[in-house]
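Chain by chain, the residues run as shown.
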Amino acid sequence: METKHLIAKDKFLNESIKKAAILLKKGEIVAIPTETVYGLGADATREEAVDKIYRAKGRPNDNPLIVHIGSKEQLFELVTDIPPYVEDLIDKFSPGPITYVLKSSGKVAKNVTAGLTTVGVRIPDNPVALELLRYSEIPIAAPSANISGKPSPTTAQHVLDDLEGKISAVLDGGPAKVGVESTVIDCTEAQPVVLRLGKITTDEIQQVVGNVEVASTLSDNSEKPKSPGMKYKHYAPEVPLILVKQKSQMEQVINKEKSKGSRIGLLVSASNAKQFQAEKIIVLGENEEEIAERLYNALRSFKQEEIDVVICESFPTSGVGRAVMDRIERAATSIID
Ligand code: AMP
Ligand code: MG
């Protein structure tokens with residue numbers, strides 16, 4: 001199939017959004033821009049459309065999808081039994097990079113929730129996505145628009161690199177601003193539980209609801225994680241990645257890999273870039289926001305330059321930095337403490 005590249009900018013904006021809406025209404029799958037990463041969208045009420053997402057991505061069918069909606073009202077149609085604190089969270093953080101897991105009202109197709117009684121819903125903070133959602137008036141199920149296991153896409157080109165020929169179109173709204181996937185929070189109990197770390201931090205959530213837990217499954221590999229996706233290997237670059245936790249060890253690890261004759265790639269902060277030598281050095285940024293925004297593009301870029309091994313330093317964990325380190329740890333082939 002030919003994958004249409006629909007530019008959602010300037011004079012093409014409305015026309016491209018309309019074309020994407022028509023394809024989605026026909027039951028096709030279209031990649032859409034959001035503020036976190038690009039999503040692979042389908043009409044969440046149609047099982048056969050949603051099935052195309054799983055097939056195109058090669059996504060395990062027990063890993064549920066997040067449903068994107070354009071307004072708080074639409075959210076209330078898709079879920080029931082909403083604890084009172086959820087409205088406070090929505091008023092504070094949505095539209096934004098946060099997904100609420102709530103009891104499903106049964107309106108979305110059953111493969112969206114992978115058979116669970118709950119559904120993850122989110123209002124993305126991206127003008128193109130919001131316009132598409134409001135114009136099409138359909139809830140859009142959209143996991144990240146990458147081949148399962150690879151780093152999530154933050155540009156339309158990343159989507160095409162993974163899925164060209166397998167999806168009907170990509171709606172190109174420019175690069176994603178946040179760069180890591182949404183915070184996922186289970187809101188089915190009296191107290192919310194963070195299932196996946198993201199830009200909205202546990203502290204920020206706590207300030208609104210008083211008390212919040214972080215799921216133990218974020219750190220161990222228990223049999224039945226509450227968020228099924230967390231058990232899978234994620235964000236893995238095609239080149240092996242060594243995460244070095246102590247800065248003082250960087251030099252030694254670099255020299256060891258060099259002595260094997262490997263072509264080395266480095267992921268470092270601006271302040272360390274000049275200290276080391278390697279075939280390719282990527283400076284992720286000055287602060288956590290920049291590091292998050294550039295991380296997945298960097299992870300994808302080493303393959304093209306035939307780098308054998310990537311050595312990555314540890315970044316600060318304030319703000320979105322904690323989610324960044326969570327993703328790097330999941331992407332790492334080995335971690336040196
Ligand atoms: P992705 O769409 O690729 O960003 O992945 C969505 C993430 O949200 C995965 O980790 C899912 O397991 C999680 N998720 C989606 N829906 C639910 C749900 N109903 N309950 C728990 N976790 C969910
Ligand atoms: Mg994903």
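Look up a bit, the structure's there.
Would you mind going over the overall build of the protein with me for this structure?
Across its full length, the protein holds 10 helices and 17 strands. For 337 residues, the compact-globule estimate of 2.2 N^0.38 gives 20 Å, and the C-alpha radius of gyration of the protein, at 20 Å, lies within 12% of that figure. Seen through its principal axes, the protein has C-alpha atoms that stretch 60 × 50 × 35 Å. Taken over 337 residues, the protein has a buried fraction of 56%. Restricting to contacts in the protein with at least 6 residues of sequence separation, those with at least 24 account for 69%. Split by element, the accessible area of the protein, about 14700 Å² in all, is 46% carbon and sulfur. Each charge class in the protein was averaged separately, 42 positive and 47 negative side chains, and the resulting centres sit 3 Å apart.

Can you help me understand the sheet that holds strand β16 (residues 309-313) in this one?
Two modes of strand pairing occur in sheets, parallel and antiparallel, and in both the strands are linked by backbone hydrogen bonds. Spatial strand order, β15-β14-β16-β13-β17: five strands in an open sheet with parallel pairing. Only two strands of the sheet have a single neighbouring strand rather than two, namely β15 (280-283) and β17 (334-336). Strand-to-strand twist across the sheet, computed as the mean angle between neighbouring axes with direction ignored, equals 20 degrees. In terms of strand pairing, strand β14 (residues 264-268) meets β15 through four bridges, oriented parallel. Within β15, the residue paired with Gly265 across the bridge is Lys280. In this fold helix α10 (residues 321-331) packs onto β13 (241-244), β16 and β17, with an angle of close to 130 degrees to the strand it touches most, β13.

Would you take a moment to explain the side chain of Asn272 for this structure?
As for its position among the elements, Asn272 is in the loop between β14 and β15. For Asn272, the side chain forms a polar contact with the side chain of Gln275, separated by 2.9 Å. Contacts of Asn272, omitting those with residues within four sequence positions, involve Lys247 and Glu313.

Is there a simple way to explain the pattern of salt bridges in this structure?
Side-chain pairs of opposite charge can arise where the charged atoms are in close proximity. Throughout the structure, instances matching the rule amount to 20 salt bridges. The shortest N-O distance in the salt bridge between Arg46 and Glu48 comes to 3.2 Å. Here Glu48 falls in the partly exposed class, since its relative accessible area comes to 45%. The salt bridge involving Glu47 is made with Lys110; its shortest N-O contact spans 3.6 Å. Here Glu47, found in helix α2 (residues 47-57), pairs with Lys110, found in the loop between β6 (98-104) and β7 (118-122); they are 63 residues apart in sequence, far enough to count as distant. Residue Glu47 is classed as partly exposed on the basis of its relative accessible area, which comes to 38%. Among the charged side chains, a network of salt bridges with common partners joins Lys150, Asp162, Glu238, Arg300 and Lys303.

Sorry if this is basic, but what is going on with helix α1 (residues 13-25) here?
Think of an α-helix as 3.6 residues a turn; residues three or four steps apart then line up on the same face. Taking 1.5 Å per residue as the helical rise, α1 with its 13 residues ought to reach 18 Å, and the 18 Å between its terminal C-alpha atoms agrees with that figure. Inspection of α1 places Ser16, Ile17, Ala20, Ala21, Leu23 and Leu24 among the buried residues, and these make up the whole buried set. The buried residues of α1 occupy one face: seen down the axis, they fall within an arc of 165 degrees. Opposite the packed face of α1, turned more than 90 degrees from it, sit the exposed residues Asn14 and Ile22. The inward-facing, buried residues of α1 contact β1 (4-7), β2 (30-32), β3 (39-43), α5 (127-136), β8 (140-141) and β9 (169-172). At the C-terminal side of α1, Gly27 shows a positive phi close to 90 degrees.

Any chance you could explain the packing of α1 against α5 here in plain terms?
When two helices pack together, their arrangement is given by the angle between the helix axes and by the axis-to-axis distance. Axis separation between α1 and α5 bottoms out at 10 Å; the angle between their running directions is 55 degrees. Our classification of the angle between α1 and α5 gives oblique. As α1 packs across α5, the resulting crossing turns out to be right-handed. Here Leu13, Ile17, Lys18, Ala20, Ala21, Leu24 and Lys25 of α1 lie close against α5, whose contacting residues are Val128, Glu131, Leu132, Tyr135 and Ser136. Looking at the contact of α1 with α5 residue by residue, the class counts come to eight nonpolar, one polar and three charged.

Explain the environment of Asp161 to me, please; I cannot follow it from the model alone.
Its place among the elements puts Asp161 in helix α6 (residues 156-163). Distance in space between the C-alpha atoms of Asp161 and Ile147 is 9.6 Å, their sequence separation being 14 residues.

Explain the pairing of β3 to me, please; I cannot follow it from the model alone.
Along any regular strand the residues' side chains alternate between the sheet's two faces. A large share of β3 lies buried, amounting to five of its five residues. For β2 and β3, the ladder comprises three bridges, and the chain directions are antiparallel. Bridging from a neighbouring strand, Ala31 pairs with Leu40 of β3. Joining the antiparallel neighbours β2 and β3 is a turn of six residues.

Here is what the cut-offs are and how they apply
- The numbers attached to residues start from 1 for each chain and follow its sequence in the written order.
- Each chain gets a letter, beginning with A, and each ligand a number, beginning with 1, in the order they are written.
- In keeping with the model being predicted, local features are shown solely for residues with a pLDDT of at least 70 and side-chain atom pairs are shown and tallied solely at 80 or more, while totals for entire chains, interfaces and linings include all residues.
- For side-chain calculations, the full set of non-hydrogen atoms in the structure is used, while hydrogens and water are omitted.
- Numbering of helices and strands starts at the N terminus; helices are DSSP runs of H or I of at least 4 residues and strands are runs of E of at least 2.
- Here the radius of gyration uses the C-alpha set of atoms, whereas the globule reference equals 2.2 Å times the residue count to the power 0.38.
- Using a 1.4 Å probe on the protein chains alone, a residue whose accessible area is under 20% of its type maximum counts as buried, one over 50% counts as exposed, and one in between counts as partly exposed.
- Pairs of residues are marked as contacts when any of their non-hydrogen atoms sit within 4.5 Å.
- Values of accessible area rely on a 1.4 Å probe in the Shrake-Rupley scheme; residue burial ignores everything except the protein chains shown.
- Charge assignment in this entry is limited to Lys and Arg as positive and Asp and Glu as negative, and neither His nor the chain termini are counted.
- The atoms used to mark charge sites are NZ of Lys, CZ of Arg, CG of Asp and CD of Glu.
- Strands were regarded as paired on the criterion that DSSP finds at least two bridges between them.
- Orientation is described by axes fitted as lines to C-alpha atoms, over the contacting stretch for helices, and by angles from 0 to 180 degrees between their N-to-C directions.
- In the analysis that follows, any N or O atom pair within 3.5 Å is treated as a polar contact, provided that within protein one partner can donate a hydrogen and the other can accept it, and provided that, for residues neighboring in sequence, both atoms belong to side chains.
- Any Lys or Arg side-chain nitrogen found within 4 Å of a carboxyl oxygen on Asp or Glu counts as a salt bridge.
- In this scheme, a helix's expected span is set at 1.5 Å multiplied by one less than its residue total.
- The arc refers to the directions leading from the helix axis to the C-beta atoms.
- In what follows, roughly perpendicular refers to angles from 65 to 115 degrees, roughly parallel to angles under 35, roughly antiparallel to angles over 145, and oblique to any angle outside these ranges.
- A clockwise turn of the near helix away from the far one marks a right-handed crossing, whereas an anticlockwise turn of less than a right angle marks a left-handed crossing.
- Note that Gly is not counted as nonpolar here; it falls among the polar residues with everything else outside the nonpolar set of Ala, Val, Leu, Ile, Met, Phe, Trp, Tyr, Cys and Pro and the charged set of Asp, Glu, Lys and Arg.

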